[in-house]
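Structure at a glance
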Amino acid sequence: MSQSERDQVSRRRLLAGAGVVAGGALGAEVTGMAMADAVANATGSAGGALGPGGAAEFGPVRIRPGDPRYDGLLRGNNFRFAGRPDEIRVVGSTDQVVRAVTEAVRAGRRIAVRSGGHCFENFTADPAVRTLIDLSPMDAVGYDPKMKAFAVEPGATLGQVYRTLFKGWGVTIPGGGCPAVGAGGHFAGGGYGALSRRYGSVVDHLYGVEAVVVGADGAARAVVATREPGDPNRDLWWAHTGGGGGNFGVVTKYWLRSPGATGSDPAGLLPASPAEMLERVVAWAWEGMTEAAFTRLVRNFGTWHEHNSAPGSRSAGVYAILLLSHRSAGYLSLAVQIDADLPGADGLVNEFVAAVTAGTGLAPIVDTRGTTPWLHRMTWPGTGEAGDATARRYKNKAAYLRRSFTDRQLAAVHRNLTAATGNDRSGLLLIGYGGQVRAVAPEATAVAQRDVVMKAVYYTTWADAADDASSLAWVRGFYRDVYARTGGVPVPGEVDDGSYINYPDVDLIDPEWNTSGVPGRTLYYKDNYPRLQRIKARWDPRGVFRHALSVELP
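- The name that an unreviewed UniProt entry assigns to the protein is Aclacinomycin oxidase, with the source organism given as Nonomuraea fuscirosea.
- Quoted verbatim from the Cofactor (unreviewed entry) field of the UniProt record, the comment on the protein reads "FAD".

Put into structure tokens, the structure is as follows:
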């Protein structure tokens, strides 16, 4: 293999792997700034009162069928889905959200809310949705001295969040690696990323939320809820620590402050940003790879995480993704990242790679290492986006792992990745997890899966609608094969532990694909689900906020 071919493999691994991990981020959604510019230049654009500092407050904008902007705003990131709502309300403030929700409820219109638009399923494009509320212009990020916490509006992308926190105070959050993903859904569902083994989930640093809710009388209002023990609205805060978006109301602001952080110096209230990230990328050719070598590689990856995922472990800073591409892609790859300034960082990475490759006999076709400024890696345009911009149709299915796959599951993984069906943009990602995530009790937040060491993402992407049926059949069959002994889904047990709500999969509530007898929502929330239902009854008694996988009223 030539050097140029090696470079191509490395680039493809980074793009495809990061894109799936970050939440199906296969293309940039319309940003708040771009939308504001478009509206400002359009005939009949909304005016708006002057905001702080004399700047014009954005919106609100009401876009209906026939408006030249309408078709351009119908789709989120996954081009499989496009709704036809009666109106799209593009909003720029909490008051505008309250008005939009109030009018929709009075008119009997089903509501959906979108921030970044990177949803795996059609929650915002459901044909039943009549009012789509677009939060993308609400993208402010800054320090709130009254709350002694960082305020993040839901339309801010992760890239904006990282950039502002880094430039202003040298701090960060342990969020995902795709800068185009919106904070709105990522935070509410329990987002995670390269720093989570060291610092936990994003929601472990969530201090409070502002949300627009609808009472039994149909009136919409904004409510602030914090994690303070005496806060009468604390349960609404808890519901947003992993309960997922679109369940209880419209979040219009998040406040972030690490547990135990004190004082008024913002630089001490969230984890310090790394200066540089060290990354090592190793790839192996599928050609000539035996099933025994493949199995050993995957098992080693899982075994290492079983043994090195305790809170405070010396290896908690090591974050790794094993990209098990379909054979047609030609290669498999491993990406390992660590804060380059951690003591012994290079040695920890080398130890990890040695442990994963031990006994496999595999010779890499790529083995590179280098350091990159942390902010550059987390905000560079295109990071986490697909190499082929036309491949905007995808289906992902996920699972948590408490330990390595069983022998039978490993055989199923190999069988499906070497099958004649599938394409070179299909496969399985194993993602390192655990560490500080495991220091939090399952009931302390809505994220119930705390005693886990890995996440698994089964994925396929494609470009042509004509390939929908075959692509869906492949990934669904793959998933069902791996979990055949538990009804086709990852029922919590010794090895598996349900699934992750930020990687939603409606198949889990479909009796055709879930024959386990365990309800799909239990797979997502486990024992926390009844509490989420009680909170739903208090804050959304009319069921205004709902989608295919939403928390149901008791």
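Quick notes on the side chain of Arg-392
- By secondary structure assignment, the location of Arg-392 is in the loop between helix H10 (374-379) and strand E14 (393-401).
- Here the side chain of Arg-392 touches Asn-77 through a polar contact of 3.1 Å, landing on its backbone oxygen.

Observations concerning the sheet that holds strand E16 (residues 454-462)
- Overall, antiparallel pairing links the seven strands, which are arranged E13-E10-E12-E11-E15-E16-E14 in an open sheet. Since the sheet does not close on itself, it has two edges, and those belong to strand E13 (366-373) and E14, each with one partner. Strand-to-strand twist across the sheet, computed as the mean angle between neighbouring axes with direction ignored, equals 15°.
- Where strand E15 (residues 426-432) and E16 come together, seven bridges link them in antiparallel fashion. Bridging from a neighbouring strand, Ile-431 pairs with Lys-455 of E16.
- Where helix H9 (residues 345-357) meets the sheet, it contacts strand E10 (276-285), strand E11 (319-325), strand E12 (331-339) and E13, and its direction lies at approximately 155° from that of E12.

Quick notes on the packing of helix H8 (residues 291-307) against helix H11 (residues 407-417)
- It is at 10 Å that the axes of H8 and H11 come closest, and there the two elements cross at 120°. Our classification of the angle between H8 and H11 gives oblique. H11 is crossed by H8, and the crossing has right-handed handedness. Across the interface between the two elements, Glu-291, Phe-294, Thr-295, Val-298 and Arg-299 of H8 pack against Asp-407, Leu-410, Ala-411, Val-413, His-414 and Leu-417 of H11.
- Grouping the constituent residues of the contact of H8 with H11 by class yields six nonpolar, two polar and three charged.

So, how was this worked out
- Residues numbered from 1 in each chain as written.
- Predicted model: local features only at pLDDT ≥ 70, side-chain atom pairs only at ≥ 80, totals over all residues.
- Heavy atoms only, no water.
- UniProt positions renumbered as here; feature names shortened; annotations may be inferred.
- Helix = DSSP H or I, 4+ residues; strand = E, 2+ residues; numbered from the N terminus.
- Polar contact = N/O pair within 3.5 Å; in protein donor to acceptor, adjacent residues only side chain to side chain.
- Pairing = 2+ DSSP bridges.
- Axes fitted to C-alpha atoms, helices over the stretch in contact; angles between N-to-C directions.
- Contact = heavy atoms within 4.5 Å.
- Parallel < 35°, antiparallel > 145°, perpendicular 65-115°, else oblique.
- Left-handed = near helix turned anticlockwise from the far one by under 90°.
- Nonpolar A, V, L, I, M, F, W, Y, C, P; charged D, E, K, R; others polar.

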